[in-house]
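A look at the structure
Read off the chains here:
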Amino acid sequence: MFLTRRSLLGSAGALAAVTALPLPALAQEVASKWFAGAVDDTGYRYRRTNFKVIEPQWQRQMVKYFSPQPPGTIVIDTRNHFLYWIWENNTALRYGVGVGKEGFQWFGHARIDRKALWPRWVPPPEMRKRTPGLPLKVEGGAPDNPLGPRALYLYRDNRDLGYRIHGTLEPWSIGKDVSSGCIRMFPEDVIDLYQRTPRGTRTLVLEHLGAPADVVHAG
Amino acid sequence: MSTSLVSTCRAGILVLAVSLAGFVAGCTTVNLTRTPDETNAPAPGFETVSVGSEEDFIINVGRRTYFAKGSATLDATAMRTLDAQAAWLSGNRRWLVKLQGHADDPGSVEADRLLSQRRAEAVMAYLVTRGVAPSRLWAKGYARDRLVRDCPDIECKAQNRRVVSNLRTEKDDAAPN
């Protein structure tokens, strides 16, 4: 299949979320309604999402799911901002996701061949051009690392596609399209998904309606 | 398996609120309020999830731990899941747990039977170290009897190499006493 924006990958191969630059004081007050304390996780911390202010459809829930995709696989519906972890008997665990620009630019089958705890983030060159002042890299577990506590890396034929499922520092962005990054989840949800999906899990990213006609579907 | 979940219901009995796709997915259950058979409708039994219920355990803790090829050793991820299971179980003491081990590994079916039993026992032993009373737990291996996916690739086999922590209210024939 074809990646439409291969040039984005760069040497680091890390398409990731927009960075959380230090917030001005007023914005920080507003941001605090989204959080409820902090959680320790494997030596680092993340800000706990205040799910009371999150719309119900973005919260993790079990749903009926009818599709030809088999149990034990992931389906990502970028248009409707859902990620499904499919189970038997036409059920799935559904999570809300935020989708970055890079998250819309590829679709097809892949496999989670790599997973990481508290991954380091290296903004790709194009993103650093767009947003001057971005650091060269942000260490894993740093409070401004936009990948958060986990990343799941999508591969095809043993090749890293540059497509990731990761956490977020911005819970208000779940359910929305965002300017950059791939597939972001609440930190609680990416931790949960990480534990449920062994390496080798097949993932299908649905075609985003409006993709250019000349992009070949992976099948 | 709790009767609130669809997976015990195999008879195809037409229900009144039938889906557009014509799926016959229902069965007679205690819950008479059916949601439409379409994607994104709440799954049966999950319309509301009460704290301490099996549904709570499934959604908020997770029942499955996974194993590497040929191995019955718990990795760090599996241990984290089991830590959460043990914490939930110590706050919800009415539940017993049947550890169901599975395998889809190189070698004979008999080797898978042994491996699946060892996996279930590894999970049981770990839960005991995390404070769950042994009298609440029992382990059974299922070899390849219940594959999640059946194909030669890692994308299938990784799903099958697992232990499922199944909540129960009473012991069955597989339990030693």
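Residues numbered from 1 in each chain as written. Chains lettered and ligands numbered in written order. Predicted model: local features only at pLDDT ≥ 70, side-chain atom pairs only at ≥ 80, totals over all residues.

What about the environment of arginine 199 of chain A?
Here arginine 199 of chain A lies in the loop between helix 3 (187-196) and strand 12 (201-205). Distance in space between the C-alpha atoms of arginine 199 of chain A and threonine 131 of chain A is 33 Å, their sequence separation being 68 residues. Those residues within four positions of arginine 199 of chain A in sequence are excluded, and the remaining contacts are Ile112, Asp113 and Lys115 of chain A together with Ala158 of chain B. (Helix = DSSP H or I, 4+ residues; strand = E, 2+ residues; numbered from the N terminus. Contact = placed C-beta atoms within 7 Å.)

A short note on the interface of chain A and chain B
Opposite the 24 residues of chain A that make contact, chain B presents 26 residues. Of all the secondary-structure elements, those providing two or more residues to the side of chain A that touches chain B are strand 3 (61-64), strand 6 (91-96), helix 3 and strand 12 of chain A. In terms of residues, the side of chain A that touches chain B owes the most to one element, strand 3 of chain A, which gives four residues. For the side of chain A that touches chain B, a count of residues per class yields eight nonpolar, eight polar and eight charged. (Nonpolar A, V, L, I, M, F, W, Y, C, P; charged D, E, K, R; others polar.)

Regarding the sheet that holds strand 12 of chain A
Residue and element names in this part refer to chain A. Reading across the sheet, the 10 strands line up as 3-6-5-4-12-8-9-10-11-7 and stay open at both edges, with mixed pairing between neighbours. Taken across any chain shown, the strands that pair with only one partner, and hence form the sheet edges, are strand 3 and strand 7 (98-99). In this structure, strand 4 (residues 73-77) lies alongside strand 5 (residues 82-87), joined through four bridges in antiparallel fashion. Its bridge partner lying in strand 5, valine 75 is registered against tyrosine 84. Set on the sheet, helix 3 makes contact with strand 5, strand 6, strand 8 (108-117), strand 9 (150-156) and strand 10 (159-166); between it and strand 9 the angle comes to about 50°. (Pairing = 2+ DSSP bridges. Axes fitted to C-alpha atoms, helices over the stretch in contact; angles between N-to-C directions.)

Structural notes on the nonpolar core
Counting residues in hydrophobic clusters, the biggest one holds 42 residues, and the most contacted among them are Leu83, Tyr84, Trp85, Val97, Ile165, Ile183 and Met185 of chain A. Counting residues per element, the ones that place at least two in this core are strand 4, strand 5, strand 6, strand 8, strand 9, strand 10, helix 3 and strand 12 of chain A. Counting residues per element, this core draws most heavily on strand 5 of chain A, which supplies five residues. When near neighbours in sequence (up to four residues on either side) are disregarded, tryptophan 85 of chain A contacts Ile74, Ala92, Leu93, Leu193, Arg196 and Thr197 of chain A. If you look at the next biggest cluster of nonpolar residues, it comprises 29 residues, including Phe67, Leu74, Ala86 and Ala103 of chain B. (Core = buried A, V, L, I, M, F, W, Y, C linked by C-beta atoms within 7 Å. Buried ≥ 20, exposed ≤ 12 C-beta atoms within 10 Å, placed from the backbone.)

Some thoughts on unusual backbone geometry
A positive phi is found at tryptophan 118 of chain A, a non-glycine position, where the angle reads about 40°. Summarising the element assignment, tryptophan 118 of chain A is placed in the loop between strand 8 and helix 2 (125-130). Positive phi values are uncommon outside glycine, yet asparagine 40 of chain B reaches one of about 85°.

What about the pairing of strand 6 of chain A?
All names here are of chain A. In terms of burial, strand 6 is largely enclosed, as six of its six residues are buried. The two faces of strand 6 match: Thr91, Leu93 and Tyr95 on one face and Ala92, Arg94 and Gly96 on the other face are all buried. Pairing of strand 3 with strand 6, which is carried by four bridges, proceeds in the antiparallel orientation. Considered in strand 6, the bridge of methionine 62 is made with leucine 93. In this structure, strand 5 lies alongside strand 6, joined through six bridges in antiparallel fashion. Residue pairing for strand 6: tryptophan 85 is matched across the bridge by leucine 93. Turn length for the strand 5-strand 6 hairpin, with the two strands adjacent in sequence and antiparallel, is three residues, and the turn residue asparagine 89 shows positive phi of about 60°.

Things to note about the packing of helix 2 (residues 76-91) of chain B against helix 3 (residues 109-129) of chain B
Residues and elements named next belong to chain B. In contact at an axis separation of 9 Å, helix 2 and helix 3 are set at 55° when each is read in the N-to-C sense. By the angle between their directions, the pair helix 2 and helix 3 is classed as oblique. When you trace helix 2 past helix 3, the crossing you get is right-handed. Contacts between helix 2 and helix 3 pair Met79, Leu82, Gln85 and Ala86 from the former with Val123, Tyr126 and Leu127 from the latter. In the contact of helix 2 with helix 3, the residues fall into six nonpolar, one polar and no charged. (Parallel < 35°, antiparallel > 145°, perpendicular 65-115°, else oblique. Left-handed = near helix turned anticlockwise from the far one by under 90°.)

Looking at the pairing of strand 4 of chain A
Pairing between strand 4 of chain A and strand 12 of chain A: four bridges, direction parallel. Its bridge partner being in strand 12 of chain A, valine 75 of chain A is matched across the sheet by leucine 204 of chain A.

Overview of the confidence of the model for chain B
All names here are of chain B. Across chain B, pLDDT averages 86, with 81% of residues at or above 70. Throughout residues 1-29 the model reports pLDDT below 50, and contacts reaching past four residues in sequence, or to other chains, amount to 39 contacts. Model confidence for the complex: the whole-complex pTM is 0.83, and ipTM, which rates the interface, is 0.81. (pLDDT = per-residue confidence, 0-100.)

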